[in-house]
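One-letter residues, chain by chain:
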Amino acid sequence: MKKIKHGKFFLMIFLIIVIFLFSISLSIYAQQGSPLVPLSASIIAKSSFPSVLMLVMEDSSGQPLSLGSGFFVREGIVATNFHVIEGAVGGYAKIVGQELKYDITGVVGIDNKRDLVLLAIKGAKAPSLSLGDSQQVEVGDEVYAIGNPQGLEGTFSQGIVSSIRQVGLETLFQITAPISPGSSGGPVLNTQGNVIGVTVATFKDGQNLNFAIPSYYLASLLRQIKPVTPLSAVTKP
């Protein structure tokens, strides 16, 4: 009988320790919040396409000058690269998967240093993409890029962040998600479908040497929106 009572005593101590450790785990879990579950690539693609556009820029004669990508960040406002619109006096935007063309009425924000610009689009009704916290991005993170390389509308590619580069005082994400001319200005998304970068360049002579501008630069530009300025006034050749 003594051995049985002795065994019950240690069993009670063991149970108390387990309950104590379990309560600590619950407390830590509650403080940190539940981990984010990655969305599937197909869900991210389907939910993002309605916010992504192909941009066709035109010269003073109305002839195509350049092709690029962009995405809605607010109602009627599209983010892209400045080099996409450089030298243009007009142009139109076309949402991925749709036939309607929308006039680009002008510029409401510009950051030449980081190759970013905000465009005003007339009459377009589309959801905006949410900006993620690009300061939390790490090498190895999975990413997705959407754009219109060589005019191939709505191209969705997958990759990782292969490096975080410092170019002077600025930061660039090096990514393996394939991009080509026409992709510039498109969104780079994390596994939650939030924008963590804007595609900006690729090295043609390299393999998967592609770069994106962190979205925190874009967030800063969005806090400085100004009245519409005609393209011709800010994109002189």
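Look up a bit, the structure's there.
Residues numbered from 1 in each chain as written. Predicted model: local features only at pLDDT ≥ 70, side-chain atom pairs only at ≥ 80, totals over all residues. Heavy atoms only, no water.

### A few points about the sheet that holds strand β12 (residues 210-214)
Then, in step 1: With antiparallel pairing, the six strands of this closed barrel are ordered in space as β7-β8-β9-β12-β11-β10. With direction set aside, neighbouring strand axes in the sheet form an average angle of 45°.
Then, in step 2: Pairing of strand β11 (residues 195-202) with β12 involves five bridges; the strand directions are antiparallel. Opposite Gly197, over in β12, you have Pro214 as the bridge partner.
Then, in step 3: Each of β9 (170-175), β11 and β12 is contacted by helix α4 (residues 215-222), which is oriented at about 40° to β12, the strand it contacts most. (Pairing = 2+ DSSP bridges. Helix = DSSP H or I, 4+ residues; strand = E, 2+ residues; numbered from the N terminus. Axes fitted to C-alpha atoms, helices over the stretch in contact; angles between N-to-C directions. Contact = heavy atoms within 4.5 Å.)

### Comments concerning the packing of aromatic side chains
Then, in step 1: Under the defined criterion, the tally for this structure stands at three aromatic pairs.
Then, in step 2: Between Phe49 and Phe156 the ring centres are 6.4 Å apart and the planes differ by 85°, which places this aromatic pair in the edge-to-face class. With Phe49 in the loop between α2 (41-48) and β1 (52-58) and Phe156 in strand β8 (residues 155-167), the pair connects residues that are 107 residues apart, well separated along the chain.
Then, in step 3: The structure contains a cluster of three or more aromatic residues connected by ring pairs, namely Phe49, Tyr144 and Phe156. (Phe/Tyr/Trp six-rings, centres within 6.5 Å; stacked < 30°, edge-to-face > 60°.)

### Description of the pairing of β1
Regular strands place side chains that alternate from one sheet face to the opposite one.
Then, in step 1: With respect to burial, β1 is a largely interior element, six of its seven residues being buried.
Then, in step 2: Examined bridge by bridge, β1 and strand β2 (residues 64-74) share seven bridges and lie antiparallel to one another. Counted as the bridge partner of Leu53 is Gly70 from β2.
Then, in step 3: Counted along the chain from β1 to the antiparallel partner β2, the turn is five residues long, and its residue Gly62 has a positive phi close to 80°. (Buried < 20%, exposed > 50% of the residue type's maximum accessible area, 1.4 Å probe, protein only.)

### A short note on the environment of Ile77
Then, in step 1: Residue placement: Ile77 occurs in strand β3 (residues 77-80).
Then, in step 2: Taking the C-alpha atoms as reference points, Ile77 and Ser128, separated by 51 residues in sequence, lie 8.8 Å from one another.
Then, in step 3: Residues contacting Ile77, with those up to four places away along its chain left out, are Phe71, Phe72, Val108, Leu118, Leu119 and Ile225.

### Brief notes about the environment of Ile44
Then, in step 1: Take Ile44: it is sitting in helix α2.
Then, in step 2: With sequence-adjacent residues up to four places away left out, Ile44 is seen in contact with Leu39, Tyr144, Phe156, Leu189, Asn190, Thr191 and Gly193.

### Some thoughts on α4
Then, in step 1: Buried within α4 are the following residues: Ser215, Tyr217, Leu218, Leu221 and Leu222. Take α4 and look down its axis: the buried residues cluster within an arc of 150°, on one side only. (Arc of directions from axis to C-beta.)

### Examining the nonpolar core
Then, in step 1: Among the nonpolar cores identified, the biggest contains 24 residues, and Phe71, Val73, Leu116, Leu118 and Leu218 are the most heavily contacted of them.
Then, in step 2: Mapped by element, the contributors of at least two residues to this core are β2, β3, β6 (116-121), β7 (142-147), β11, β12 and α4.
Then, in step 3: The biggest single contributor to this core is α4, with four residues.
Then, in step 4: Setting aside chain neighbours within four positions, we find Leu118 in contact with Val73, Ile77, Val78, Ala79, Gly106, Val107, Val108, Gly109, Leu218, Leu221, Leu222 and Ile225.
Then, in step 5: Judged by nonpolar contacts, the second largest core, of 19 residues, contains Leu55, Ile95, Ile104 and Leu119. (Core = buried A, V, L, I, M, F, W, Y, C linked by side-chain atoms within 4.5 Å.)

### Considerations on α2
Then, in step 1: Every buried residue of α2 is accounted for by Ile44, Ala45 and Ser48. Buried residues of α2, seen end-on, are gathered within an arc of 100° and therefore sit on one face of the element.
Then, in step 2: In this fold, the buried residues of α2 make contact with β1, β7, β8 and β10 (187-189).

### A closer look at the side chain of Thr80
Then, in step 1: In this structure, Thr80 sits in strand β3.
Then, in step 2: Within the structure, Thr80 has its side chain in polar contact with the backbone oxygen of Ser69 (distance 2.6 Å).
Then, in step 3: Beyond its immediate sequence surroundings of up to four residues, Thr80 is in contact with Leu55, Ser69, Gly70, Ile85, Asp115, Leu116, Val117, Leu119, Ser184 and Gly185. (Polar contact = N/O pair within 3.5 Å; in protein donor to acceptor, adjacent residues only side chain to side chain.)

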